[in-house]
Amino acid sequence: MLIKSDYESQLGNLLLLSDGTALIGVWFSEQKYYGAGYHLEEAVTGQDLMIDEAKRWLDEYFMGHIPTMGQLVLAPKVTDFRKKVCEVLITIPYGETMTYQAIVDKLRLLYGGDIGSARAVGGAVGHNPISIITPCHRVIGSNGSLTGYAGGVNRKVELLKIEGTQI
């Protein structure tokens with residue numbers, strides 16, 4: 001059973017989605033790829049441990065603190081490649097950024113071989129179903145540009161400001 005709950009942030013409403021054992025989605029209301037193919041109308045509105053933990057995490061984050069994962073379990077329902085990209089995204093420290101190419105390089109180091117291109121990483125980052133917590137907003141272009149963000153570049157800027165990132 002899917003459980004959904006709203007979270008109101010200073011950057012707009014977020015929808016949180018849990019499968020009862022893990023957090024599987026966090027999207028801004030008008031975000032690109034909103035709902036990531038889930039049948040959100042079938043999800044039950046409510047709370048569970050994962051949603052409660054996600055709300056605590058988001059509260060800490062939006063207060064400008066560095067939240068810890070605590071009991072939060074993330075389980076994005078994505079392809080193997082996108083899962084690997086999400087694993088790298090989680091390693092980008094609070095207040096820092098990483099380029100798409102640096103993610104490719106890290107994937108090659110971890111998994112070897114021809115793991116993909118910066119363009120493929122860009123697609124995976126853009127389809128990240130767990131916004132903010134899996135910090136896709138920390139990914140920038142190789143020239144330091146603030147490239148696209150499914151939640152909107154204006155939100156990307158604000159998220160980086162919250163973290164004290166030099167833009």
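Use the structure listed above.
Summary of the structure given here. (Residues numbered from 1 in each chain as written. Predicted model: local features only at pLDDT ≥ 70, side-chain atom pairs only at ≥ 80, totals over all residues. Heavy atoms only, no water.)

**Side note on the packing of aromatic side chains**
- In total, this model carries six aromatic pairs according to the counting rule given.
- Their ring planes at 75° and their centres at 6.1 Å tell us that Tyr61 and Tyr94 sit as a pair that is edge-to-face. Pair noted here: Tyr61 is in helix H1 (residues 49-62) and Tyr94 is in the loop between helix H2 (80-90) and strand S5 (98-99), with a separation of 33 residues, a long-range link. Each member of the pair, Tyr61 together with Tyr94, is buried.
- A cation over a ring is seen here: Lys84 above Tyr111, with NZ or CZ 4.5 Å from the ring centre.
- Over the ring of Phe28 we find Arg155, and its NZ or CZ is 4.1 Å from the ring centre. (Phe/Tyr/Trp six-rings, centres within 6.5 Å; stacked < 30°, edge-to-face > 60°. Helix = DSSP H or I, 4+ residues; strand = E, 2+ residues; numbered from the N terminus. Buried < 20%, exposed > 50% of the residue type's maximum accessible area, 1.4 Å probe, protein only. Lys NZ or Arg CZ within 6 Å of the ring centre and 35° of its normal.)

**Thoughts on the environment of Leu16**
- Here Leu16 is to be found in strand S2 (residues 12-18).
- The class for Leu16 is buried, based on a relative accessible area of 0%.
- Residues Leu16 and Gly35, spaced 19 residues apart in sequence, show a C-alpha to C-alpha distance of 9.6 Å.
- Excluding anything up to four places from it in sequence, Leu16 contacts Ile3, Lys4, Ser5, Tyr7, Leu23, Gly25, Val26, Ile51, Ala54, Lys55 and Leu58. (Contact = heavy atoms within 4.5 Å.)

**So, H1**
- Over its 14 residues, H1 runs 20 Å from end to end, which matches the ideal 20 Å to within 8%, given 1.5 Å per residue.
- Among the residues of H1, those classed as buried are Met50, Ile51, Glu53, Ala54, Lys55, Trp57, Leu58, Tyr61 and Phe62.
- Turning to H1, the residues buried within the fold contact strand S1 (3-9), S2, strand S3 (23-28) and helix H5 (153-162).
- Regarding H1, its N-cap is Asp48, as a side-chain oxygen of that residue lies 3.1 Å from the backbone nitrogen of Met50 further along.
- Following H1 by one or two positions, Gly64 adopts a phi angle in the positive range, close to 90°. (Expected span 1.5 Å × (residues − 1). Polar contact = N/O pair within 3.5 Å; in protein donor to acceptor, adjacent residues only side chain to side chain.)

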